[in-house]
Amino acid sequence: MSAVPENEGMNFVGQGSTWRRVLSPTGNTGDAVFRVLMFGVALLMVAIVVSMVVALTVDSMPSIRQFGFNFLKSQRWDPIKGEFGALPFIYGTVASSLIALLISVPFSLGIAIFLVEQAPHYIARPVGFLVELLAAIPSVVYGLWGIFVLAPFLRNYIEPALASAFGWLPLFQGSITGIGLLTGGIILAIMVTPIISAVVRDVLTAVPGSQREAALALGATKWEMIRVVLVNGAPGIAGAVILGLGRALGETMAVTMVIGNRAQISLSLFDPSYTIASAIANEFTEATGDLYLSALVELGLILFLVTFVVNGIARVLVWNVTRKTGGVGRAA
Amino acid sequence: MNHSDRIRRMNSAVMTGLTALCTLLAVGALLIILSYIAWQGIGSLSFQFLTDSPRPVGEGGGIGNAILGSLVLLLLSSVIGLPLGICVGVYLSEVGRGRVGNVVRFIVDTLTGIPSIVTGVFVYAVLVLPMRHFSAFAGGVALALIMVPIVARTTEEMLKLVPHSLREGALALGAPQWRVTLGVVIPAAAPGIATGAMLAIARVSGETAPLLFTAFGSRFFPTSLNEPIASLTVQIYNYAISPYDEWHAQAWAATLVLMTLVLGINIMVRFLTRKKF
């Protein structure tokens, strides 16, 4: 039979048209150009992220070679002697972010519950917009406000009260200046609250109404019904909190302006501290010598990798909840 | 109504009341911050302050160069970032469905989550170091990198809201895909895309961290894109951490100008999209 050569011929044509179909399913030249152009721009995005990883890694090589894993474990940050350890920055970043979450999570939940479950439409919309405006205020403005309003307020009222009430805890001992870990954490809390509450709003909206009706039909009070909704949205709420964490870890200007910028690990929340982001912001332009600069770039690499993982986890959690209802969501 | 029922009802009333209190506190914080900025900033505002360049302490001076610098940086980043972002959004919505599209979407989301200070370090490494000096151009690129993912995702969402029947109708009339996208789909989503672009501009106009070691700052009016340039945000930062009361007052006034711009865009966007969302 002559079926074999015919088949080969078919395959050849088939392969050729596979390529053409990828470029232009419609067989139109303009479409091929259009699709290649758009794909090229999309590829550029991939190239940017890849080159970000490469550039940060290459520039931090001197520091990685010199210190290895000790960079993460060492407490000494002494540019003059050329000793660089990131532990104080890692501690400051994690501690200030945790303080921020501790304060902002209950608030964000409260705001989201109020706006989704309780407030009538004509209140929820404008009030929701006002809360979102908090996220529109630039970081440096929060910093300015933090230096001149929040820090004096904490120094004169809140910190003395905390010291006299809980002074037996090492957390609340030490000199009261208004500039330190606690102030940084509170500023961060104000900054991440609108972000967390916006995502929680999306998550709560995605919980089916039948859950609420079922709870109410069983005789639940309003609050008991809300608890059912919260349990339903729990993974998404966890995602929202982690998204807020990602934002808090990388926040720079406001924290730099109020945290005191001293590379030390102190149990006291009143003491000055330092975060990874504020170390880069503060010392990058004054870094003399390749090793110093490369140590700062390595801090940037650490921050990049950590926020990458944290945001990835958050996105999967939020997406799993909101996709079921097809919610477009502002949950970025 | 027995005892435990009464407790349940009270519990419910207290907890729902607390959620209202949380909201009230958040809105209160916003109003306190905004009114404090207005109160502190209004005193130092004058025509001379808005047009002069900075002077040494005690001689007044203004933020004219910083305002102009910020506008130049915004224009530069918009020219680079908006077309890129819109193209990526078009790719995600119209071309790249399936696995490759998901990879690109993941990458774009990754870009959104990168702390802006890291973007600054990256631009320093790839632009400032090879050029051997800070420049307005590097600052514009850093801001554009922050803009692109925001614009891309809003563009994608707006394009996906365009009904499929519109695309099918145009295709059925014989138009190729690129003409359908450029001539029918994008115009239908144009107001939404413009909204996303404005929000991205508002967002980057408040950015400071990525400018610290790219655009750097300057005390003079800009003359070239190839040299350091002042910006409102970096100026506010430098004045805020200075020890001089006069500069602190100027920082508040500059903040008032910045907030007028940022809030102005946000409220305008809200007003324009009021009916649609």
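Residues numbered from 1 in each chain as written. Chains lettered and ligands numbered in written order. Predicted model: local features only at pLDDT ≥ 70, side-chain atom pairs only at ≥ 80, totals over all residues. Heavy atoms only, no water.

**Description of the overall build of chain B**
Logical step 1: Of the regular secondary structure elements, chain B holds 10 helices and zero strands.
Logical step 2: Against the 2.2 N^0.38 benchmark of 19 Å for 277 residues, chain B shows a C-alpha radius of gyration of 24 Å, more extended than a compact globule.
Logical step 3: Summarising its shape, the C-alpha atoms of chain B cover approximately 70 × 70 × 35 Å along the three principal directions.
Logical step 4: Taking all 277 residues of chain B together, 53% fall into the buried category.
Logical step 5: Expressed as a percentage of contacts within chain B between residues at least 6 apart in sequence, the contacts between residues at least 24 apart total 73%.
Logical step 6: Total accessible area computed for chain B in this model is approximately 12200 Å², and 69% of it derives from carbon and sulfur atoms.
Logical step 7: Charge centroids of chain B, computed over 18 positive and 12 negative side chains, lie 13 Å from each other. (Helix = DSSP H or I, 4+ residues; strand = E, 2+ residues; numbered from the N terminus. Rg over C-alpha atoms; globule rule 2.2 N^0.38 Å. Buried < 20%, exposed > 50% of the residue type's maximum accessible area, 1.4 Å probe, protein only. Contact = heavy atoms within 4.5 Å. Areas by Shrake-Rupley, 256 points an atom, 1.4 Å probe, with all protein chains shown as cover. Lys, Arg positive; Asp, Glu negative; His and termini not counted. Charge placed at Lys NZ, Arg CZ, Asp CG, Glu CD.)

**Digging into unusual backbone geometry**
One can expect most non-glycine residues to show negative phi and most peptide bonds to be in trans.
Residues and elements named next belong to chain B.
Logical step 1: One non-glycine residue, R132, lies in positive phi territory at about 70 degrees.
Logical step 2: Within the element layout of this structure, R132 appears in the loop between helix 5 (116–131) and helix 6 (136–160).
Logical step 3: Note on R132: relative accessible area 75%, which makes it exposed.

**Topic: the domain arrangement of chain A**
Residue and element names in this part refer to chain A.
Logical step 1: Domain boundaries assigned for chain A yield domain 1 (3–59) and domain 2 (70–325).
Logical step 2: Summarising the inter-unit geometry, the C-alpha centres of domain 1 and domain 2 are found 42 Å apart.
Logical step 3: Between domain 1 and domain 2, the residue contacts involve five residues of the former and five residues of the latter.
Logical step 4: Each partner contributes to the roughly 490 Å² buried at the junction of domain 1 and domain 2, and carbon and sulfur atoms together form 84% of this total.
Logical step 5: Three residues, V53, L56 and D59, lead the burial of domain 1 against domain 2; their summed loss comes to 75% of the area buried on that side. (Domains from an automatic or database assignment. Buried area = accessible area lost by both parts, 1.4 Å probe.)

**Some thoughts on the interface of chain A and chain B**
Logical step 1: Between chain A and chain B, the contact holds 74 residues from the first and 77 residues from the second.
Logical step 2: Here chain A and chain B share an interface that buries about 6900 Å² over both sides, 80% of which is from carbon and sulfur atoms.
Logical step 3: Our count for the contact surface shared by chain A and chain B stands at two salt bridges.
Logical step 4: For the salt bridge of B:D109 with A:R315, the shortest nitrogen-to-oxygen distance reads 3.8 Å.
Logical step 5: Secondary structure elements with two or more residues in the side of chain A that touches chain B: helix 2 (29–59), helix 5 (87–118), helix 6 (121–136), helix 7 (139–166), helix 10 (222–232), helix 12 (253–258), helix 13 (276–283) and helix 14 (290–322) of chain A.
Logical step 6: Ranked by residues supplied to the side of chain A that touches chain B, first place goes to helix 2 of chain A with 18 residues.
Logical step 7: Considered class by class, the residues forming the side of chain A that touches chain B number 51 nonpolar, 16 polar and seven charged. (Salt bridge = Lys/Arg side-chain N within 4 Å of Asp/Glu carboxyl O. Nonpolar A, V, L, I, M, F, W, Y, C, P; charged D, E, K, R; others polar.)

**Quick word on helix 5 of chain A**
Logical step 1: For helix 5 of chain A, which comprises 32 residues, the first-to-last C-alpha distance of 45 Å matches the rise-based estimate of 46 Å (1.5 Å per residue) to within 8%.
Logical step 2: Its maximal kink placed at A:S104, helix 5 of chain A deviates by approximately 35 degrees, while the proline A:P106 follows within four residues. (Expected span 1.5 Å × (residues − 1). Bend = angle between axes of the 7 residues up to and from the residue.)

**As for the domain arrangement of chain B**
All names here are of chain B.
Logical step 1: Partitioning chain B into domains gives domain 1 (3–42) and domain 2 (48–272).
Logical step 2: On the domain 2 side, the residues contacting the seven residues of domain 1 number six residues.
Logical step 3: The junction of domain 1 with domain 2 conceals about 570 Å² of combined surface from both sides, 87% of it contributed by carbon and sulfur atoms.
Logical step 4: Counting the contacts that link domain 1 with domain 2 gives zero salt bridges.

**Brief notes about a nonpolar patch on the surface**
Logical step 1: Residues A:L102, A:I103, A:F107, B:V14, B:L18, B:L21, B:L24 and B:L25 make up a contiguous nonpolar surface patch of about 750 Å² in total accessible area.
Logical step 2: Every element with two or more residues in the nonpolar patch is listed here: helix 5 of chain A together with helix 1 (3–42) of chain B.
Logical step 3: Topologically, B:L18 is positioned in helix 1.
Logical step 4: What makes B:L18 partly exposed here is its relative accessible area of 40%. (Patch = residues over 30% accessible without salt bridge, like charges linked within 9 Å, V, L, I, M, F, W, Y side chains within 5 Å.)

**Overview of the pattern of salt bridges**
Residues and elements named next belong to chain A.
Logical step 1: According to the stated counting rule, one finds 14 salt bridges over all chains in the structure shown.
Logical step 2: With its nearest N and O atoms 3.8 Å apart, the salt bridge here joins R76 to D78.
Logical step 3: Since its relative accessible area comes to 18%, D78 is described here as buried.

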